[in-house]
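These are the residues of each chain, in order.
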Amino acid sequence: QVQLAESGGGLVQAGGSLRLSCAASGRTFSGYSMGWFRQAPGKEREFVATITRSGSTVYADSVKGRFTISRDNAKNTVYLQMNSLKLEDTAVYYCAVDVTGLVRRQTWAYDYWGQGTQVTVSS
């Protein structure tokens, strides 16, 4: 079993930055792929970014060039640095674990999920 705890969300003005963290516990973290997803009110949960154990990354087109995913295996933590935030980035952000270690965008591919952290971007 893996437990995930997100932090770092909050209220920020458009154009600002936030850094989300997700701490994992319960099992070996380093072999897994870690992903960030988000869900806005009335919308489906969508892929944001993922990172493999070796550090390979994939981003959604909507965040490419603005967001950066990274991980610290020693701390069992994955991060999402979000810059140049837009109103449409407002959502609950979730981290998730894919135990296969593959690069995948689909929500069904991820085995464990955190509770989410709210990010609100204001004008």
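Let me begin by describing the structure that accompanies this report. Since the model is a prediction, treat every value here as computed from it, not as a measurement.

## Some thoughts on unusual backbone geometry
Not every positive phi belongs to a glycine, and Asn 76 is a case in point at roughly 55 degrees. Topologically, Asn 76 is positioned in the loop between strand E7 (67–72) and strand E8 (77–82). Here Ser 84, not a glycine, exhibits a phi torsion of approximately 50 degrees, which is positive. With respect to the element layout, Ser 84 can be found in the loop between E8 and strand E9 (91–98). Since its relative accessible area comes to 43%, Ser 84 is described here as partly exposed.

## Regarding the pattern of salt bridges
Under the criterion given, the structure shown has five salt bridges. The closest approach of N and O atoms between Arg 38 and Glu 46, which form a salt bridge, is 2.6 Å. Notably, a salt bridge pairs Lys 64 with Asp 61, separated by 3.1 Å at the nearest N-O pair. Salt bridges here are not isolated pairs; linked through shared partners, they connect Arg 38, Glu 46, Arg 66 and Asp 89.

## What to know about the sheet that holds E8
Ordered in space as E1-E3-E8-E7, the four strands form an open sheet in which the pairing is antiparallel. Unpaired on one side and paired on the other, strand E1 (3–7) and E7 mark the two borders of the sheet. This sheet shows a mean twist of 15 degrees between the axes of neighbouring strands, independent of strand direction. Relative to strand E3 (residues 18–25), E1 runs antiparallel, the two being bridged by five bridges. Its bridge partner being in E3, Gln 3 is matched across the sheet by Ser 25.

## A few points about the packing of aromatic side chains
Under the criterion given, the structure shown has four aromatic pairs. Measuring from ring centre to ring centre gives 5.0 Å for Phe 37 and Tyr 110, while their planes differ by 75 degrees; the resulting arrangement is edge-to-face. Of this pair, Phe 37 sits in strand E4 (residues 33–39) while Tyr 110 sits in the loop between E9 and strand E10 (112–113); the two residues are 73 residues apart in sequence, bridging distant segments of the chain. Among the residues examined, Phe 37 registers a relative accessible area of 0% and is labelled buried. The interplanar angle of 55 degrees and the centroid separation of 4.9 Å between the aromatic rings of Phe 37 and Trp 113 together place this pair among those described as tilted. One end of the pair, Phe 37, is in strand E4; the other, Trp 113, is in strand E10, and 76 residues separate them in sequence.

## Here we look at the nonpolar core
Judged by nonpolar contacts, the single largest core of 34 residues is most densely connected at Leu 4, Trp 36, Leu 80, Met 82 and Tyr 93. Here this core gets five residues from one element, more than from any other, and that element is E9. Look past the residues within four positions of Leu 4 in its chain and what remains in contact with it is Cys 22, Ala 23, Ala 24, Met 34, Cys 95, Ala 96, Val 97, Tyr 112, Trp 113, Gly 114 and Gln 115.

## Let's talk about the side chain of Arg 66
Considering the arrangement of structural elements, one finds Arg 66 in the loop between strand E6 (57–59) and E7. With near-sequence residues (within four places) excluded, Arg 66 lies in contact with Gln 81, Met 82, Asn 83, Ser 84, Leu 85, Lys 86 and Asp 89.

## Observations concerning the pairing of E3
Moving residue by residue along a regular strand, the side chains alternate between the two faces of the sheet. As paired strands, E3 and E8 are joined by six bridges and run antiparallel to one another. Looking at E8, one finds that Leu 18 is bridged to Met 82.

Conventions and cut-offs
Residues numbered from 1 in each chain as written. Predicted model: local features only at pLDDT ≥ 70, side-chain atom pairs only at ≥ 80, totals over all residues. Heavy atoms only, no water. Helix = DSSP H or I, 4+ residues; strand = E, 2+ residues; numbered from the N terminus. Buried < 20%, exposed > 50% of the residue type's maximum accessible area, 1.4 Å probe, protein only. Salt bridge = Lys/Arg side-chain N within 4 Å of Asp/Glu carboxyl O. Pairing = 2+ DSSP bridges. Axes fitted to C-alpha atoms, helices over the stretch in contact; angles between N-to-C directions. Phe/Tyr/Trp six-rings, centres within 6.5 Å; stacked < 30°, edge-to-face > 60°. Core = buried A, V, L, I, M, F, W, Y, C linked by side-chain atoms within 4.5 Å. Contact = heavy atoms within 4.5 Å.

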